[in-house]
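# Survey of secondary and tertiary structure
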Amino acid sequence: MPHTTEWRVRLDLFEDDDGTTKAHVVLDTGTTELTGQGTAHCHPADANVPEIGDELAAGRALQNIAQRLLNTAERDIEGMGVPRPGPRQVTGWPT
């Protein structure tokens, strides 16, 4: 059964005077909003390159919201009466 929907993502970045960049991301599914946060700190000995701080903070915020989305999906699956899977088997060549 085909299904098409649109989710909106908003990512805001803020840098303060001490070299800390903060990212706040919001995922709006139309019925639910999930949020994620990430930060990056510029070491005092490093050159202040705002783009790098933005990339790190944004990446960390997106990782944070990705984990929240996966956790939500797992809870929804369990809510349908499906048990949580056991430990995953390692695949690949034996060492």
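Relevant structure appears above.
Structure report, in brief. No experiment lies behind these values; they were computed from the predicted model shown.

### A word on the sheet that holds strand 3 (residues 33–41)
One open sheet accounts for three strands, arranged 1-2-3; its pairing is antiparallel. The sheet is open, and its two borders are formed by strand 1 (8–15) and strand 3, each paired with just one other strand. Adjacent strand axes in the sheet meet at a mean angle of 15° when their direction is disregarded. Sheet topology note: the strand 2 (residues 20–28)/strand 3 ladder contains nine bridges and is antiparallel. Across the sheet, the residue bridging to Val25 is Gly36, located in strand 3. Those strands touched by helix 1 (residues 50–79) are strand 1, strand 2 and strand 3, and its axis lies near 145° from that of strand 3.

The rules we used
- Residues numbered from 1 in each chain as written.
- Predicted model: local features only at pLDDT ≥ 70, side-chain atom pairs only at ≥ 80, totals over all residues.
- Heavy atoms only, no water.
- Pairing = 2+ DSSP bridges.
- Helix = DSSP H or I, 4+ residues; strand = E, 2+ residues; numbered from the N terminus.
- Axes fitted to C-alpha atoms, helices over the stretch in contact; angles between N-to-C directions.
- Contact = heavy atoms within 4.5 Å.

These figures capture arrangement, not role.
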